[in-house]
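Understanding the architecture of this molecule
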Amino acid sequence: SETAQALEKARSAYATRAPEAEATLRALLGVDEAKDEAAFRLAHLCAESGRAAEARTLATTVSGRSAFSDRIEALERLLELVEAAGDEGAAAAAVAATPGDPDARWALAAAHAKAGRLGPAMEELLESVSRKPRHADGRARKALLAIFDHLDEPGRDAELAREYRRRLQIVS
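Residues numbered from 1 in each chain as written. Predicted model: local features only at pLDDT ≥ 70, side-chain atom pairs only at ≥ 80, totals over all residues. Heavy atoms only, no water.

With that out of the way, let us pick up the environment of phenylalanine 40. Looking at the element boundaries, phenylalanine 40 is found in helix α3 (residues 35–48). Once the C-alpha coordinates of phenylalanine 40 and tryptophan 106 are considered, the two residues, 66 residues apart in sequence, prove to be 25 Å apart. Those residues within four positions of phenylalanine 40 in sequence are excluded, and the remaining contacts are Val62, Phe68, Arg71, Ile72, Leu75 and Glu153. (Helix = DSSP H or I, 4+ residues; strand = E, 2+ residues; numbered from the N terminus. Contact = heavy atoms within 4.5 Å.)

This is the structure in structure tokens:
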């Protein structure tokens, strides 16, 4: 069908991070049988580029009955991290001044995540988990798990997620 072909094109563009991925997914938002997947993947693209408010709006349109509904919670945790981003320089200075402060590390991880630098973001979160695993209801660990879920998406960096999962197991 035409919808199946359009959806396959969108999946391919998403997986390869092709420039047309966003437009292709947006075109599918009005197609009943494709809208949940399109909204979910488009929300991830928005999160990757620091557009948390748009990503959150898209995530709310994913039906609770869709195959993607169980993955929305992890996306929302990733968005919480991106939305927490402030001034990166100030966050880096705070970590340098008080390396054991999990809130400073959270702020720096958020700045990295908003800029799309998930490796450095995970490094800060992992350090926070290793120093104070239960701080703020374990939000650093929850954010790491959300990033892992994001990196497991097609065309992202599943190998990086595996590396940090292994490292998280070591410090946990």
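Here we take up the nonpolar core. Judged by nonpolar contacts, the single largest core of 50 residues is most densely connected at Leu75, Leu81, Met122, Leu125, Leu144 and Ile147. Sequence-distant contacts of leucine 75, that is, excluding residues within four places in its chain, are made with Phe40, Ala43, His44, Ala47 and Ala59. (Core = buried A, V, L, I, M, F, W, Y, C linked by side-chain atoms within 4.5 Å. Buried < 20%, exposed > 50% of the residue type's maximum accessible area, 1.4 Å probe, protein only.)

Look at helix α5 (residues 72–83): 16 Å from first C-alpha to last across 12 residues, which is about the 16 Å you get at 1.5 Å a residue. Residues of α5 that are buried: Ile72, Ala74, Leu75, Leu78, Leu79, Leu81 and Val82. (Expected span 1.5 Å × (residues − 1).)

Enumeration over the complete set of coordinates arrives at one aromatic pair. Here phenylalanine 40 and phenylalanine 68 contribute two aromatic rings whose centre-to-centre distance is 5.1 Å and whose plane-to-plane angle is 35 degrees, an arrangement assigned as tilted. Pair noted here: phenylalanine 40 is in helix α3 and phenylalanine 68 is in the loop between α4 (52–60) and α5, with a separation of 28 residues, a long-range link. The exposure class of phenylalanine 40 is buried, given its relative accessible area of 0%. Given a relative accessible area of 11%, phenylalanine 68 falls into the buried group. (Phe/Tyr/Trp six-rings, centres within 6.5 Å; stacked < 30°, edge-to-face > 60°.)

Let us now look at the packing of α4 against α5. Contact pair α4 / α5: the axes reach a minimum separation of 10 Å and the direction vectors enclose 160 degrees. Of the possible angle classes, the one that applies to α4 and α5 is roughly antiparallel. As for how α4 packs across α5, the hand of that crossing is left-handed. Here α4 contributes Ala52, Ala53, Ala55, Arg56 and Ala59 to the contact with α5, which in turn contributes Ile72, Leu75, Glu76, Leu79, Glu80, Val82 and Glu83. When grouped by side-chain class, the residues that make up the contact of α4 with α5 number eight nonpolar, no polar and four charged. (Axes fitted to C-alpha atoms, helices over the stretch in contact; angles between N-to-C directions. Parallel < 35°, antiparallel > 145°, perpendicular 65-115°, else oblique. Left-handed = near helix turned anticlockwise from the far one by under 90°. Nonpolar A, V, L, I, M, F, W, Y, C, P; charged D, E, K, R; others polar.)

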